[in-house]
Amino acid sequence: MATEFSFPDSAAKAATAEFESEKMSLSMGPSHPSTHGVLRLQMELDGELLTKCDPVIGYLHRGDEKIAENMTYNQFVPYTDRLDYIAPLANNMAYAIAVERLAKLEVPARCQAIRVITAEMARISSHLLGLGAFGIDTGAWTVFMYAFTEREKLYKLFEELTGARFTTSYSRIGGLQRDVPEGWTGRVDAFCDQFLPNLEMILGLLTRNKIFMDRTVGVGVISREDAIAYGLTGPNLRASGVGLDLRKDKPYSGYEQYEFDVPVGTKGDSYDRYLVRGEEMRQSVRIIKQAIAKFPGGPWYAQDARKIFAPPKDKILTSMEELIQNFMIVTEGPQMPAGEVYFEAENPKGALGFYVVSKGGGVPWRLKIRSPSFCNLSILPKVCVGCLISDVVSILGSLDFVMGECDR
Amino acid sequence: MSATVDVLAVLKEKFPAATPRPSLDHPAVNLAAGDIPAALKFLRDEQGFDFLVDLTAVDWAEGVSPRFTVVYHLLSTGRHDYVRVATDCPSDEAPAVASVVSLWAGANWHEREVYDMFGINFTGHPDLRRILMWDGYPYHPLRKEFPLAGIDTPLPDAEIMAETGARVIAAPMAGGPFVASPGEINLTEAEPRAKDESWTERRAKPDA
């Protein structure tokens with residue numbers, strides 16, 4: 001039974017005529033649970049609608065690019081962990097490949113396969129956190145709990161491989177920190193098998209959830225043209241209908257050997273961004289399983305990286321030649337040719353790029369980090385205008401950014 | 001690759017000041033600062049490089065001229081090729097380049113970052129403010145003369161500073177950073193064992 005509401009219009013109009021409408025200024029963040037870190041949004045509100053949104057960033061600025069100019073190439077590896085600290089393994093790989101391109105190094109197939117497996121595991125881990133946090137932002141606590149159970153299993157595998165749960169520093173220039181432990185790939189495979197049904201369950205909590213859909217469908221729509229103009233990358237770009245995935249289009253680290261699909265959205269709203277991430281996890285599992293099925297043997301670091309890669313520890317302690325080599329690598333850094341390279345990898349958050357300018361020697365002259373979160377957030381002033389405050393929370397959750405990477 | 005080499009040839013035809021730029025990976029070109037918006041528009045509209053992936057700058061150190069180079073990386077979403085476009089800022093004291101925000105809205109934040117870190121002015125930028133450092137910060141930290149430790153500066157908020165007396169202090173570096181400087185080093189000179197050339201494996205030790 002439809003109820004017709006009729007407001008006493010004349011009285012309401014007379015009442016509002018007495019008051020001048022006034023914009024309100026509201027600061028959301030830098031410590032607000034839905035700004036995922038230290039993002040601050042300076043908003044101008046007309047009632048509950050945003051008329052202006054100015055993101056204030058830089059609260060986590062550490063000067064990583066300045067630091068990189070003052071240390072050797074090897075020493076910078078741990079700093080890449082702290083960019084997108086949700087997926088450090090993928091960052092390590094992107095940085096290592098950028099410097100390998102500078103040094104014209106080819107890493108062996110086994111190293112490439114391990115990097116692919118770890119990067120895809122990092123993608124799953126990052127997307128799980130993204131989903132969990134997005135769930136909390138839109139009022140679905142349960143998703144977070146189930147997602148973190150799965151992430152915990154991944155962290156156990158990371159710890160076994162790298163010795164650290166969080167800041168892994170696993171890739172080295174020209175190779176890896178160490179080979180995979182005995183039976184590790186089997187355990188990753190087992191994780192994938194049990195993960196798929198769990199993933200379906202987690203996604204099932206949200207995909208047709210009425211509350212979740214009300215909060216996300218049609219909210220924060222980013223058109224294809226805007227996505228390209230603002231330099232969006234990763235799932236945020238693909239949700240807007242641009243099928244750009246560097247793993248497919250500019251394959252690196254042997255991604256061309258694996259079969260996987262690139263999910264693309266149609267509307268570019270928050271819900272599409274959620275769907276794209278969900279599907280990407282299934283595709284990551286596909287890639288991991290293929291990589292494990294044809295896991296190559298052989299060396300796991302580039303043999304021609306003599307002047308770059310630190311020699312084995314037992315050799316350093318017993319052989320003069322290796323001791324000197326290690327001394328040179330530690331004090332002078334790995335010797336690189338002069339020149340400049342730009343490499344970007346398809347990270348969970350988008351394209352993480354490293355622009356390395358070398359004048360030769362062991363220290364970069366300039367290292368620019370092109371961070372996907374920085375570019376993805378730059379669209380906020382455009383996409384938030386006209387939204388409700390509660391929509392902003394949904395948009396932030398769907399953009400899935402990390403301030404450590406944004407502010408560098 | 002041949003398609004992108006052609007791009008450079010076409011660019012050269014249209015903008016005679018264009019010169020090839022040494023690069024280890026993608027095709028790269030140097031352009032005159034005056035050509036920048038027009039050349040990037042040409043690359044975007046007629047050559048398919050429709051995605052500005054990165055915009056940054058390099059400081060070649062104080063006293064070097066030209067001192068600042070602004071570097072653009074463009075990607076073609078159709079062909080999946082990159083091209084690197086670089087331009088030297090005409091002035092070393094007041095570096096400035098025309099803004100490309102009208103071509104790519106995403107250049108807005110990139111240009112703000114370059115302004116913040118290097119002090120390069122982007123003419124025609126709609127809102128050129130600092131982005132990573134706070135408004136009113138007096139230095140441009142990625143310039144080569146800026147020390148790694150930072151410089152002692154007042155707090156951004158004068159009221160809090162008056163109340164607490166705190167300042168933004170330089171980091172204690174304990175004499176560091178302990179690294180070599182960039183550039184070609186002579187390994188034989190740097191390697192301590194090889195410094196004394198009176199006898200080596202190649203030249204036997206003379207009989208005493």
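For clarity, every value in this text was computed on a predicted model and none was experimentally measured.

Criteria and thresholds
Residue positions are given per chain, counting from 1 as you read along its sequence in written order. Chains and ligands are labelled sequentially in the order written, the chains with letters from A and the ligands with numbers from 1. Totals for whole chains, interfaces and linings use every residue, but because this is a predicted model, local features are given only for residues with pLDDT of at least 70 and side-chain atom pairs only at 80 or more, for both listing and counting. By the criteria applied, helices consist of DSSP H or I runs no shorter than four residues and strands consist of E runs no shorter than two, each listed in order from the N terminus. In this description, a residue-residue contact is defined by the distance between C-beta atoms placed from the backbone, which must lie within 7 Å. As defined in this context, the radius of gyration uses C-alpha atoms, and a globule is described by 2.2 Å times the residue total to the power 0.38. Exposure criterion: with C-beta atoms placed from backbone coordinates, a residue whose C-beta has 20 or more other C-beta atoms within 10 Å is buried, one with 12 or fewer is exposed, and one in between is partly exposed. For this scheme, ten residues count as nonpolar: Ala, Val, Leu, Ile, Met, Phe, Trp, Tyr, Cys and Pro. Four count as charged, namely Asp, Glu, Lys and Arg, and the remainder, Gly too, count as polar. We define the nonpolar core as any set of buried residues of the types Ala, Val, Leu, Ile, Met, Phe, Trp, Tyr and Cys, connected via C-beta atoms lying within 7 Å of each other. Two strands form a pair only when DSSP identifies at least two bridges running between them. Note on definitions: angles span 0 to 180 degrees between N-to-C directions of axes, and those axes are lines fitted to C-alpha atoms, for helices only across the stretch in contact. Note that the arc is defined by the directions from the helix axis to the C-beta atoms. Roughly parallel covers angles under 35 degrees, roughly antiparallel covers those over 145, roughly perpendicular covers 65 to 115, and oblique covers all other angles. Here is the rule for handedness: rotate from the far helix to the near one, and if that takes an anticlockwise turn smaller than a right angle the crossing is left-handed, while a clockwise turn gives right-handed.

Participant: Sorry if this is basic, but what is going on with the overall build of chain B here?
Facilitator: Broken down by element type, chain B carries five helices and nine strands. If you list the helices and strands of chain B from N to C, you get α-β-β-α-β-β-β-β-α-β-β-α-β-α. A separation of at least 24 residues holds for 46% of the contacts in chain B among residues at least 6 apart in sequence.

Participant: What should I look at first to understand the overall build of chain A in this one?
Facilitator: Each helix and strand counted, chain A has 18 helices and eight strands in total. For 408 residues, the compact-globule estimate of 2.2 N^0.38 gives 22 Å, and chain A sits close to it at 24 Å. Projected onto its principal axes, the C-alpha positions of chain A cover 95 × 45 × 30 Å. Scored against the burial criterion, the 408 residues of chain A give a buried share of 52%.

Participant: Looking at this structure, how should I read the interface of chain A and chain B?
Facilitator: One frequently used descriptor of interface size is the decrease in accessible area upon assembly of the parts. Between chain A and chain B, the residue contacts involve 47 residues of the former and 39 residues of the latter. By residue number, the principal contributor to the side of chain A that touches chain B is strand 7 (residues 350–361) of chain A, which donates seven residues. Split into classes, the residues belonging to the side of chain A that touches chain B amount to 20 nonpolar, 14 polar and 13 charged.

Participant: What's the story with the nonpolar core in this structure? I'm lost.
Facilitator: Grouped burial of nonpolar side chains is what soluble globular proteins tend to show. In terms of nonpolar packing, the biggest core is built from 160 residues, with Ala98(A), Leu74(B) and Ile120(B) touching the most fellow members. Counting residues per element, this core draws most heavily on helix 5 (residues 109–137) of chain A, at 14 residues. Each residue touching Ala98(A), except ones within four places of it in the same chain, is listed here: Val341(A), Phe343(A), Phe354(A) and Val356(A).

Participant: Got a minute to help me understand helix 17 (residues 389–399) of chain A in this structure?
Facilitator: Because an α-helix completes one turn every 3.6 residues, residues spaced three or four positions apart along the sequence face the same direction. Residue and element names in this part refer to chain A. The buried fraction of helix 17 amounts to nine of the eleven residues, a majority that puts the element mostly inside the structure. Within helix 17, the full set of buried residues consists of Asp391, Val392, Val393, Ser394, Ile395, Leu396, Gly397, Ser398 and Leu399. Asp400 lies just past helix 17 and shows a positive phi near 50°.

Participant: For this particular structure, what's the right way to read the pairing of strand 8 (residues 366–370) of chain A?
Facilitator: On any regular strand, side chains alternate: one points to one face of the sheet, the next to the other face. Residue and element names in this part refer to chain A. Here strand 8 lies mainly inside the structure; five of its five residues are buried. Burial along strand 8 is two-sided: Arg366, Lys368 and Arg370 and Leu367 and Ile369, pointing in opposite directions, are all buried. Relative to strand 8, strand 7 is paired through five bridges, and the arrangement is antiparallel. By the bridge assignment, Tyr355 is partnered in strand 8 with Lys368. Taken together, strand 7 and the strand that follows it, strand 8, pair antiparallel across an intervening segment of four residues.

Participant: When you look at the sheet that holds strand 3 (residues 49–56) of chain A in this model, what are you seeing that I'm missing?
Facilitator: To summarise the sheet geometry, strands pair through backbone hydrogen bonds and adopt either a parallel or an antiparallel arrangement. Residues and elements named next belong to chain A. As summarised here, the arrangement of the three strands in space is 1-2-3, forming an open sheet in which the pairing is antiparallel. Taken across any chain shown, the strands that pair with only one partner, and hence form the sheet edges, are strand 1 (24–28) and strand 3. Taken over all neighbouring pairs, the strand axes of this sheet differ in orientation by 20° on average, direction set aside. Pairing between strand 1 and strand 2 (residues 40–46): five bridges, direction antiparallel. Among the inter-strand pairings, Met28 is bridged to a residue of strand 2, identified as Leu41.

Participant: Teacher, can you tell me more about the sheet that holds strand 1 (residues 19–20) of chain B here?
Facilitator: Residue and element names in this part refer to chain B. The mixed open sheet is built from five strands, whose spatial order is 1-2-5-4-3. Of all strands in the sheet, those bounded by a partner on one side alone are strand 1 and strand 3 (51–59). Where strand 2 (residues 28–31) meets strand 5 (residues 82–88), four bridges bridge the pair, whose relative direction is parallel. Looking across to strand 5, one finds that Val29 is bridged to Val85.

Participant: I keep staring at helix 2 (residues 36–46) of chain B and nothing clicks. Help me out?
Facilitator: Residue and element names in this part refer to chain B. Along helix 2, the residues that are buried comprise Ile36, Ala39, Leu40 and Leu43. Here the buried residues of helix 2 occupy an arc of 95° about the axis, which is enough to place them on one side. Seen from the buried face of helix 2, the exposed residues on the opposite side, beyond 90 degrees, are Asp45 and Glu46. Looking one or two places after helix 2, you find Gly48, whose phi comes out positive at around 80°.

Participant: Looking at this model, I keep getting lost on the environment of Ala105(B). Mind explaining?
Facilitator: Among the structural elements, Ala105(B) can be located in the loop between strand 6 (96–98) and helix 3 (107–118). When the 21 C-beta atoms within 10 Å are taken as the criterion, Ala105(B) is described as buried. Sequence separation of Ala105(B) and Glu159(B) is 54 residues, and the distance between their C-alpha atoms is 36 Å. Discounting chain neighbours no more than four positions away, the residues touching Ala105(B) are Ala229(A) and Tyr230(A).

Participant: What should I look at first to understand the pairing of strand 6 (residues 336–347) of chain A in this one?
Facilitator: Judged by how many residues are buried, strand 6 of chain A sits mostly within the fold: nine of twelve residues are covered. Between strand 6 of chain A and strand 7 of chain A, which pair antiparallel and follow one another directly, the connecting turn spans two residues.

Participant: Is there a simple way to think about the environment of Glu160(A) in this case?
Facilitator: All names here are of chain A. Looking at the secondary structure, you find Glu160 in helix 6 (residues 141–162). Each C-alpha atom of the pair Glu160 and Ser171 lies 15 Å from the other, and the pair is eleven residues apart in sequence. Sequence-distant contacts of Glu160, that is, excluding residues within four places in its chain, are made with Pro181 and Trp184.

Participant: Would you mind showing me how to read the packing of helix 7 (residues 184–206) of chain A against helix 12 (residues 270–293) of chain A here?
Facilitator: Helix-helix packing is characterised by the crossing angle of the two axes and by the distance between the axes. All names here are of chain A. Where helix 7 contacts helix 12, the axes come no closer than 10 Å and their chain directions differ by 165°. Considering their axes alone, helix 7 and helix 12 lie roughly antiparallel with respect to each other. In the packing of helix 7 onto helix 12, the handedness of the crossing is left-handed. Of helix 12, the residues touching helix 7 (which contributes Thr185, Val188, Asp189, Cys192, Phe195, Leu196, Leu199, Leu203 and Leu206) are Tyr274, Gly278, Met281, Arg282, Val285, Ile288, Lys289 and Ile292. Class assignment of the residues belonging to the contact of helix 7 with helix 12 gives a composition of twelve nonpolar, two polar and three charged.

Participant: What should I look at first to understand unusual backbone geometry in this one?
Facilitator: What is expected of a backbone is that most residues other than glycine have negative phi and most peptide bonds are trans. The residue after Ser65(B), namely Pro66(B), is reached through a cis peptide bond having omega -5°. Along the chain, Pro66(B) turns up in the loop between strand 3 and strand 4 (68–75).

Participant: Help me understand the packing of helix 12 of chain A against helix 17 of chain A, please; the structure alone is not making it clear to me.
Facilitator: All names here are of chain A. Packing of helix 12 against helix 17 brings their axes to within 9 Å, and their N-to-C directions diverge by 25°. Between helix 12 and helix 17, the interaxial angle falls into the category roughly parallel. The way helix 12 lies across helix 17 gives a crossing that is left-handed. Residues Ser270, Arg273 and Tyr274 of helix 12 form the contact with helix 17, whose participating residues are Ser394, Ile395 and Ser398. Of the residues contributing to the contact of helix 12 with helix 17, the split by class is two nonpolar, three polar and one charged.

Just distances and angles here, no functional claims.
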